[in-house]
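A closer look at the structure
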Amino acid sequence: MLKIVIDGAPLLRKTAKEVELPLSSKDKETLLSMLDYLKKSQDPDFLEKHPSVRSGVGLAAPQIGLSKRMLVVYFVDDPESGHEVEHLLVNPRIVSSSVKKAYLAGGEGCLSVPEHHDGYVYRHNKITVAAVDGRSGEPILVRAEGYEAIVLQHEIDHLDGILYYDRIDKKDPFKRVIGAIEI
Ligand code: UDB
Ligand code: ZN
């Protein structure tokens, strides 16, 4: 089982290194083990046996102790259809972003941050991410909006040593930004 690096570890504050291409089998395996961790962490039976595990929707390599620019995202988007959002991204880069912002009404949290920091985290509502796909090894563009875009930006922040509470206004944590959508 993967061990999650907790806030306070210097590694979480570093800029992660670009991954060498073509993608090695080892890096691919790491991405698959990160995806496996997220899927397990969302499985009720697994959680019953591992009560300290939190249900994760995204994970960046620095959070497992690896300072490399890789991340995974996994969640079921529409419980009706069971439609899944799944990304395994290597060297991701935001190539365009909306002016419009979005934020989670309940604030964010982080698998690497044990205590909750109150306040809104404003992020771009829409982004386009250029990356190398962790499964195919091919370049891809991911267009994301709303919650999916928030998760991707949270994970990309980890690659730059940024934690969500860095983005909360210290003087006014619940400051409202005009035009931002609440999710
Ligand atoms: C999370 N999980 O994984 F709507 F089934 C958060 C934690 C910190 C609370 C574990 C989460 O939001 N789970 C969730 C939400 C749902 C339905 C569901 C599970 N992260 C990922 C993280 O820390 N990555 O580095 C924090 C999210 C806050 C905003 C984006 C990522
Ligand atoms: Zn996080």
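Preceding this section is the structure that the text describes.
In what follows, the accompanying structure is described. (Residues numbered from 1 in each chain as written. Chains lettered and ligands numbered in written order. Predicted model: local features only at pLDDT ≥ 70, side-chain atom pairs only at ≥ 80, totals over all residues. Heavy atoms only, no water.)

In terms of helices and strands, the protein chain carries three helices and eight strands. Along the protein chain, helices and strands appear, N-terminal first, in the series α-α-β-β-β-β-β-β-β-α-β. Taken against the 2.2 N^0.38 rule, which gives 16 Å for 183 residues, the C-alpha radius of gyration of the protein chain at 16 Å falls within 12% of a compact globule. Its C-alpha atoms give the protein chain principal-axis dimensions of roughly 45 × 40 × 40 Å. The 183 residues of the protein chain split such that 45% are buried. (Helix = DSSP H or I, 4+ residues; strand = E, 2+ residues; numbered from the N terminus. Rg over C-alpha atoms; globule rule 2.2 N^0.38 Å. Buried < 20%, exposed > 50% of the residue type's maximum accessible area, 1.4 Å probe, protein only.)

Quick look at the packing of aromatic side chains now. For the structure on display, the rule yields six aromatic pairs. Relative to Tyr147, the ring of Phe75 has its centre 5.0 Å away and its plane inclined at 75 degrees; by these criteria the two rings are edge-to-face. With a gap of 72 residues between them, Phe75 in strand β2 (residues 70-78) and Tyr147 in helix α3 (residues 147-159) connect regions that are remote in the sequence. Judged by relative accessible area, Phe75 falls into the buried class, the value being 8%. Since its relative accessible area comes to 30%, Tyr147 is described here as partly exposed. Judged by centre distance (4.6 Å) and plane angle (55 degrees), the rings of Tyr103 and Tyr120 are tilted. (Phe/Tyr/Trp six-rings, centres within 6.5 Å; stacked < 30°, edge-to-face > 60°.)

Right, let's talk about the coordination of the zinc ion (ligand 2) for a bit. In this structure, Cys110 (SG), His154 (NE2) and His158 (NE2) serve as the protein donors to the zinc ion (ligand 2), at separations of 2.1 to 2.3 Å. One chain supplies every donor for the zinc ion (ligand 2), spaced along it as C-x43-H-x3-H. With Cys110 in the loop between β4 (101-103) and β5 (123-124) and His158 in helix α3, the pair connects residues that are 48 residues apart, well separated along the chain. Since its relative accessible area comes to 1%, His158 is described here as buried. (Donors = N, O, S within 2.8 Å, 3.2 Å for Na, K, Ca; no water.)

Around ligand 1, the structure places 16 residues, and the nearest of them are Val57, Gln63, Leu111, Glu155 and His158. In this structure, His154 approaches ligand 1 through a side-chain N or O atom, which is 3.2 Å from an oxygen atom. At a separation of 2.7 Å, a nitrogen atom of ligand 1 approaches a polar side-chain atom of Glu155. Surface burial for ligand 1 is 72%, taken as the share of its 650 Å² of free accessible area covered by protein chains. A per-element tally of the shell around ligand 1 places α3 first, with five residues. Here the residues of the shell around ligand 1 are counted per class, giving six nonpolar, seven polar and three charged. (Near = heavy atom within 4 Å. Polar contact = N/O pair within 3.5 Å; in protein donor to acceptor, adjacent residues only side chain to side chain. Areas by Shrake-Rupley, 256 points an atom, 1.4 Å probe, with all protein chains shown as cover. Nonpolar A, V, L, I, M, F, W, Y, C, P; charged D, E, K, R; others polar.)

With that settled, consider the environment of Pro44. You can see Pro44 is positioned in helix α2 (residues 44-49). Put simply, Pro44 and Leu89 are 45 residues apart on the chain and 26 Å apart in space, counted from C-alpha to C-alpha.

Our focus in this paragraph is the nonpolar core. In this structure, Leu59, Val72 and Val90 are the most contacted members of the largest nonpolar core, which totals 20 residues. Among the elements that take part in this core, helix α1 (residues 25-41) stands out by supplying five residues, more than any other. Among all residues touching Val72, those that are not within four sequence positions of it are Leu31, Met34, Leu35, Leu38, Val57, Gly58, Leu59, His87, Leu88 and Glu155. (Core = buried A, V, L, I, M, F, W, Y, C linked by side-chain atoms within 4.5 Å. Contact = heavy atoms within 4.5 Å.)

Tracing the backbone shows Gln153 in helix α3. For Gln153, a relative accessible area of 7% puts it in the buried group. When neighbours within four sequence positions are excluded, Gln153 is seen to be in contact with Ile94, Arg123, His124 and Ile127.

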